[in-house]
Each structure stands twice: as structure tokens, then as C-alpha cells.
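Okay, here's what each chain looks like letter by letter:
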Amino acid sequence: MSDGIRVTGLQRSFGGIHALHDATFEAHPGSITALVGPNGAGKTTLMLTLATLLAPDAGEIRVAGFDPVTEAAQVRMRMGWMPDILGSWAALSVRTTLEITARMYHLGRRAAGERADELIDLVALGPHAEQPTRVLSRGQKQRLSLARALVHDPSVLLLDEPASGLDPAARIRLRLLLKKLAFDGKTILISSHVLSELDEVADAAVYLDEGRTATAEAVALAKERLRTWRIRAVNEDRLAATLAASEELAGRISTDNLGTLVAVAGEREAAALLTGLVAEGVEITSFAPAVGDLEHTFLDLSGGGA
Amino acid sequence: MRRYLAGIGTMVGLELRQRVRGVAWYVLLGVFVTLVGAVTLLLWLASGGRDSGGWLYSLIVYFILLLGTLVTPALSGNAINGERDAGTLATTQVTLIRTSQLVLGKFLAAWVSSLGFLVASIPFIVVAVLLGDLSALTIATSAIVLAAELGFVAAIGVSLSGIVTRPLFSVTLTYLVVAALSVGTLIAFGLLGAVTRSQVQLSTIGVSTATYDETTGAASSLVCAPPVMSTYSVQRFDPYWSILAANPYVIIADAAPGSFTANGGPNDLFSTVSLGVRSAQRAPALSVVNNMCEAAANGDVVPSNPPSARELYDSAVPSWFVGLGVQLVLAAGALLWAWSRTRTPARRLAAGSRVA
């Protein structure tokens, strides 16, 4: 019996609207898998079916080895879900919220209290532990929501937009926490619109568009397409002149407020370009992809071009 | 089983802390205590402190029912869809709490909070007992039936909040159910009775000739006249009395044992209401003979002797358990419906609703 998440041919429609056409992917233990797609692609619907809240019309799902439809209780024992909507029991304190959530997983009164304390430390909500959740800021609610998903130490984590509303420091803490959880062998599926953010944590990706997951071949192809690199130099004019002299790069150069952009196919060509520029005596200060891996692949798959 | 009950307990605790036990509830409780206190004082002044415990107690119970049925829909009518709107329902549904625990927990919490009114009125019930003329059986039956009525409203409110998508609509619907039972049954009863009429055949037998003793005035050698036939119409309430059996106020009144004074009049509000409902069970006589001739022969001016209130009450059928039984079935059915609508993984979603 394999752990993690396995989804095959998942379909779900609401009335006449097909939210999921054909979603097929796997997410493995110890890995952080990004779920990438535009608004309305079916990301939340997919998360809800995995979280045992929504029954699929067709297709097969295994979460931690169990079927969310027929073995919902088994899945719930092993799965933590952080919704994209930040609902919290407004009148209850952070600590009480976590204690009650723990009680909902059959933890005893004392064990629930201890677990609440651990989680408050883990997500750094100590100063707010006794405050009613209605006074929490968006970022604090976000951390409370994450703590709630972790109450029963699940082996599979489904995180819907976990970083929205977090300040940079909290974002870094979240990234470290997720990496640690993955290192502990948990399966983490994480969706976000902020692709650069996912780039920093995810080691695998599922691309979802109009209810369909991109096939592995399509992803591999997209990665080989032209990609924009941003180049900065001590003397920008010198850089521009050198680039303009190259016939090969004609029509592939543009500039923005942050530097010069050059479209390059693949990393090998990028390396060759850098070597050439340095050989010409251009003093390069920065030479990096303008967009992250995920964004590049995503834009290419969704036909936006890169 | 223990684990199942513990889950319900967790839900009740959450519900009471999160939704019910707010400032508004305490304000209402304060208003209620003030009102009942004023009524107690006025009644005590009016009765001169004698033998009015029955009236006071029945008034207090009706007060609790009135306020309970006014407040409970607001507390229970958005229990499930309100949480769905706030985004907290799904976070409960992904835990090991089952849908039945969730629905039952919310129902019990709404019920317990409406029973707070009963608890708050205990001092006044003590006053009523001290005023006298109040039987322990009356207290016991009416308190139990009152609790059942409040439970019915709580169950309907929570159920509608699970069946209907929009909280405002489900709260309003719960109020409509309460209004239909409390007031609607009265209106239906009155209107239906008013439009249903029967013809009564009246035959009047008069005296044709008679001689009267000059000193005593007693009639002798009477010759009765042939009967004179006439008709008139009466309103019929007797086919519709069962409508009133669904009324919460009637159920409580009818369940309490009748309390009557020595000359047969009702001795508390329950007996008064129950007497009215039970009197409606009697069909009017559709052929009436007004035999004045015979009356004259007997030297009797008033021919008939109408039954006393107590006799009417005792001769009729009690109906409270029918009403209570129907409400029990309705409440259970509604909770079951709410359960099936709230179950996860959800197969069908109502238009315009979302899971989380």
C-alpha cells in the first residue's frame, strides 16, 4: 500500500460546469508538490475531493492509501487540510480553537491541551494564544489555520494558498516548517497563485488548467522552450551594445526597469551567452532567469508564452 | 459509543462557547427575568397573596414558551449554514466528528440555551409554589412538555439551517414555523369554524290551552300545541379542534392536569385554555326540541341544565400527546434531512453554495 496521494482520471462537475475534467497525478512522501493553475482551473475542487469533503463523479483517489469516498474516516485520521478561506471560531481563543480541534480528533482533554501548546509554539502565536481569533490579523489567522491542520500530526498535508497574507518573515518560517515536515516524510500538496513562492519550496509540480493536469511530456517540452533571462552589468550601455552586435540574438532582447532581458532556449545556451559576454569584457553583476521554473512552465503550458 | 457521545459533547461545548453564549443571550435573559418579576409582583398584588399560585405558574410557563420560541430560532436557525458561510463548517467536517454528531451537537446546544429561560425562572416558580394552590404534578408535566416544545423549535431551527443554504432564509423559515404553530393554528381554527355551518332543526312545542291555579299560578289541564318547526345555522368548530392540538400553548395546557375551583371553574391558565379547546370537541345538537309545554307542566322555567366547566373538561378527549407525537416525528425527520444534506463527501451541492 503506497502512501502519499494518487489521483487517476478524476472528474467532477457542478451542474453543467466541469470543474475537473481529467486530473491525474501523484504526490510522494517526503516531497513538496506544488499545485499550479490559473483561477478557476479546479485547484480548490481538487483539494476538496482529496480532503473528503466533495465526492468525485469519476476517477480514483488514494490519500495515505485510503479512498476519501468510501474510507473517509481513515483518510481524515491521516490528512490535514488548510482551506483557502480563513474561517475561525471568532469568539474562541487561539488555544481553545486548537484544543477543541484536537478533541475532534479524539484526543483526551490533557493531550489536547499539550498539543495546543506545541502548535502555538510551532507557528509562533504565543503572544496571541489567549486572544479571541476575531482580533487576529490575516497572517495570524493563516498560521492558526496551519496549526489546526497539523493538530493530529497527519502524514498528508493539503495546503490551499497557505502563504497569502504572510509577511516575509512568516513566509520564510513557513518555508522552513514545510521543508522540515517533508523531511519527516510527510506528503505535502500546496497550491498557490504566487509561483515564485512555490518555486522556493516545491520539488515537484502538478499543472492544472481547465480541470486537466498537464502530462509529463507537455511539462518536459515546456521546460525546453525559450526562457527569459535577466542580465545586469556595471555599464548597461556596454552590455546593450554587445548584445546588439550579436546577430543570433536579434529580436530576442528587451529591457525593463530592472535590467536587460534576453530570451534563451535552455540552460546550455544561457551558459554560452554568459561566457561570451564575459569574454567581450562586459562586467556582469547579475545573470539569472527572469521568472521561476514553475512560472516559466506554467506560462508556457497555458499558452501565455515566455 | 462513549467516543460517539464524547464527540457530541465536544460539539455542544464548541457551540455554546462560540455561538450561543453571547452578550445578546444574557441581555435577553435579563429582560426575561425583569418581565417575569413584574408579572409575579402584579399578580401577587392583584390576588392579595391568596391561592393564585396556579395562575402565576401557568403565566410564567407561557412567558418562557413565548420567549423561548422567539429566541431559539435566532440561536438555532443559522447553526449549520452560518458556519458554512463563515468557513468553519468544513474544518469540522474534515475531523473525525461525524455529521450526525455535528447535527445533534448543534441541536442539543440550541436546546440547552433555550432551557436557560426555564432555569432563570426557578425563583419565580418558588414564589408561585409559596402562593399556594399549585400541584406538583402540574409543575412536573408542564415543565417537561415546555422543555419538549423548546426542543422541537431548536430541532426545526438547526434542521432548516442544514437544509436551506442562506442563513437569513432559514432563520425566517424557523420563525414562520413557530408562528404557524402558535398563531396560524388559531387563525385556521377560527376561520374554518366560521365558514363551516350546519342547519339546526328547532321544534318549539308551545302551550295551546291551560288553566292556571289563581293562588299558586301552577298550570293544569295542559293541552300542548303542535310543534312549530324552524331552522337556524350554527358555526361548527368540532371538525377542526385537532388543528389546535398542534399549538404549543395548547399542548402544554392540555398536558397539565385540570385544576378547578369548588364550583367547577378553571383555577389556572392551563385549565382555561384546555377547557376552551376541549369544549370545541363537542358537536352542537342538530335537532333541538324546545318543549315549553313540558316545562310548564313540570313547573320548570329553565328546561336544561348546562354542564359545568369541570364536566365538559372531563368528558372530552385529551389531545396533547397527539400534538407532541407529531412534533417529535417532524423534528426527527427534519434532523435526518439536515444530516443527509450536510453529509460529506458531498455528492450534490445546492445551487450557489460551496463546501468551504
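In this convention, every chain numbers its residues from 1, walking through the sequence in written order. Written order decides the labels, with chains lettered from A and ligands numbered from 1. In keeping with the model being predicted, local features are shown solely for residues with a pLDDT of at least 70 and side-chain atom pairs are shown and tallied solely at 80 or more, while totals for entire chains, interfaces and linings include all residues. The side-chain figures draw on all heavy atoms in the structure; neither hydrogens nor water molecules are used.

Regarding the overall build of chain A
Here is step 1 of the chain: Looking only at helices and strands, chain A has eleven helices and 13 strands in total.
Here is step 2 of the chain: For the C-alpha atoms alone, the extent of chain A along its principal axes is close to 75 × 45 × 35 Å.
Here is step 3 of the chain: By residue count, 49% of the 306 residues in chain A fall in the buried class.
Here is step 4 of the chain: Working rule for contacts: check all heavy atoms of both residues, and any pair within 4.5 Å makes them a contact. The contacts in chain A between residues at least 6 apart in sequence include a share of 72% that link residues at least 24 apart.
Here is step 5 of the chain: In these tables, accessible area is a Shrake-Rupley quantity obtained with a 1.4 Å probe, and a residue counts as shielded only by the protein chains included in the view. Split by element, the accessible area of chain A, about 13,700 Å² in all, is 51% carbon and sulfur.
Here is step 6 of the chain: For the purpose of counting charges, residues Lys and Arg are taken to be positive, whereas Asp and Glu are taken to be negative. His and the chain ends are not included. Charge coordinates come from a single atom per side chain, which is NZ of Lys, CZ of Arg, CG of Asp or CD of Glu. Averaging the locations of the 31 positively and 39 negatively charged side chains of chain A gives two centres separated by 8 Å. Only DSSP runs of H or I covering at least 4 residues are called helices, and only runs of E covering at least 2 are called strands; the numbering of each starts at the N terminus. Note on classification: 1.4 Å probe, protein chains only; a residue is buried when its accessible area is under 20% of the maximum for its type, exposed when over 50%, partly exposed between these limits.

Regarding the packing of aromatic side chains
Residues and elements named next belong to chain B.
Here is step 1 of the chain: Stacked, tilted and edge-to-face are the three classes assigned to paired rings of Phe, Tyr and Trp, where Trp is represented by its six-membered ring and a pair needs centres within 6.5 Å; plane angles under 30 degrees give stacked, over 60 edge-to-face, the rest tilted. The full count for this structure, using the stated rule, is nine aromatic pairs over all chains.
Here is step 2 of the chain: Look at Y62 and F270: their rings are 5.5 Å apart centre to centre, the planes differ by 75 degrees, and that puts the pair in the edge-to-face class. Taken together, the residues Y62 in helix 3 (residues 53-76) and F270 in helix 12 (residues 269-279) connect sequence positions 208 residues apart.
Here is step 3 of the chain: Overall, Y62 belongs to the buried group, its relative accessible area being 10%.
Here is step 4 of the chain: Overall, the relative accessible area of 1% leaves F270 in the buried class.
Here is step 5 of the chain: Pairing F260 with Y313 gives two aromatic rings, centres 5.1 Å apart and planes at 65 degrees, and the pair type is edge-to-face. One end of the pair, F260, is in the loop between helix 11 (248-255) and helix 12; the other, Y313, is in helix 14 (residues 309-315), with 53 residues separating them in the sequence.
Here is step 6 of the chain: You can call F260 buried: its relative accessible area is 12%.
Here is step 7 of the chain: Looking at Y313, the relative accessible area reads 5%, which means it is buried.
Here is step 8 of the chain: Among the aromatic side chains, those forming a connected cluster through ring pairs are Y57, Y62, Y249 and F270.
Here is step 9 of the chain: To sit over a ring, a charge needs its Lys NZ or Arg CZ within 6 Å of the ring centre and within 35 degrees of the ring normal. Its end group placed over the ring of Y313, R278 keeps NZ or CZ at 4.0 Å from the ring centre.
Here is step 10 of the chain: Across from the ring centre of W339, 4.6 Å away, lies the NZ or CZ of R343, which sits over that ring.

Some words on the domain arrangement of chain B
All names here are of chain B.
Here is step 1 of the chain: Either an automatic procedure or a domain database provided the assignment from which the domain bounds are taken. Under the domain assignment, chain B is made up of domain 1 (2-191 + 319-342) and domain 2 (197-315).
Here is step 2 of the chain: Placing the centre of domain 1 and that of domain 2 at their C-alpha centroids yields a distance of 40 Å.
Here is step 3 of the chain: Counting residues at the interface gives 31 residues for domain 1 and 25 residues for domain 2.
Here is step 4 of the chain: Note on terms: buried area is the combined drop in 1.4 Å-probe accessible area of two parts once they are placed together, counting the loss on both. Counting each side, the surface lost to burial between domain 1 and domain 2 is near 2,600 Å², with a carbon and sulfur contribution of 71%.
Here is step 5 of the chain: Sorting the residues of domain 1 by area buried against domain 2 places W55, Y62 and F189 first, and these three jointly supply 29% of that buried surface.
Here is step 6 of the chain: Here, a salt bridge means any side-chain nitrogen of Lys or Arg that lies within 4 Å of a carboxyl oxygen of Asp or Glu. At the junction of domain 1 and domain 2, the tally comes to zero salt bridges.
Here is step 7 of the chain: For the purposes of these results, a polar contact is taken to be a pair of N or O atoms within 3.5 Å, where, inside protein, one atom must be able to donate a hydrogen and its partner to accept one; residues adjacent in sequence count only when each atom of the pair is a side-chain atom. Here domain 1 is connected to domain 2 by nine residue pairs in polar contact (both at pLDDT 80 or more).
Here is step 8 of the chain: At the level of elements, helix 3, helix 8 (136-163), helix 9 (167-195) and helix 15 (320-342) are the ones that each hand at least two residues to the side of domain 1 that touches domain 2.
Here is step 9 of the chain: In terms of residue class, the side of domain 1 that touches domain 2 is made up of 16 nonpolar, 13 polar and two charged. Throughout, the ten residues Ala, Val, Leu, Ile, Met, Phe, Trp, Tyr, Cys and Pro are labelled nonpolar, Asp, Glu, Lys and Arg are labelled charged, and all others, Gly among them, are labelled polar.

Looking at the domain arrangement of chain A
Size of an interface, as often reported, equals the accessible area lost when the parts are brought together.
Residue and element names in this part refer to chain A.
Here is step 1 of the chain: Here chain A is partitioned into domain 1 (5-213) and domain 2 (222-301).
Here is step 2 of the chain: Between domain 1 and domain 2, the contact holds nine residues from the first and seven residues from the second.
Here is step 3 of the chain: Summed over both partners, the interface of domain 1 with domain 2 buries about 710 Å², with 77% contributed by carbon and sulfur atoms.
Here is step 4 of the chain: When residues of domain 1 are sorted by the area they lose upon contact with domain 2, L195, D199 and Y207 head the list and together hold 72% of the total.
Here is step 5 of the chain: At the boundary of domain 1 and domain 2, one finds zero salt bridges.
Here is step 6 of the chain: Where domain 1 meets domain 2, there are zero residue pairs in polar contact (both at pLDDT 80 or more).
Here is step 7 of the chain: Listed by contribution, the elements that provide at least two residues to the side of domain 1 that touches domain 2 are strand 3 (32-36), helix 7 (195-201) and strand 8 (204-209).

Quick notes on the interface of chain A and chain B
Here is step 1 of the chain: The interface is formed by 32 residues belonging to chain A together with 27 residues belonging to chain B.
Here is step 2 of the chain: Carbon and sulfur atoms make up 68% of the surface buried where chain A meets chain B, a total of about 2,800 Å² over both sides.
Here is step 3 of the chain: Across the chain A-chain B interface, the total number found is zero salt bridges.
Here is step 4 of the chain: Linking chain A with chain B are eleven residue pairs in polar contact (both at pLDDT 80 or more).
Here is step 5 of the chain: Those elements giving two or more residues to the side of chain A that touches chain B turn out to be strand 1 (5-14), helix 1 (43-50), helix 2 (72-78) and helix 3 (94-104) of chain A.

Remarks on the sheet that holds strand 13 (residues 284-289) of chain A
Residue and element names in this part refer to chain A.
Here is step 1 of the chain: For two strands to be treated as a pair, DSSP must find no fewer than two bridges joining them. Within the open sheet, the four strands sit side by side as 11-12-10-13. Their pairing is antiparallel. Strands with a single pairing partner mark the edges of an open sheet, and in this sheet they are strand 11 (253-256) and strand 13. Geometrically, the sheet is characterised by an average inter-axis angle of 30 degrees between neighbouring strands, direction not taken into account.
Here is step 2 of the chain: Here strand 10 (residues 226-233) runs beside strand 12 (residues 259-265); their pairing, made up of six bridges, is antiparallel. Within strand 12, the residue paired with T228 across the bridge is A263.
Here is step 3 of the chain: An axis is simply a line fitted to the C-alpha atoms; with a helix, the fit covers only the stretch in contact. Between two such axes, the angle follows the N-to-C directions and lies from 0 to 180 degrees. Packing of helix 10 (residues 266-279) onto the sheet brings it into contact with strand 10, strand 12 and strand 13, and relative to strand 12 it is tilted by some 135 degrees.

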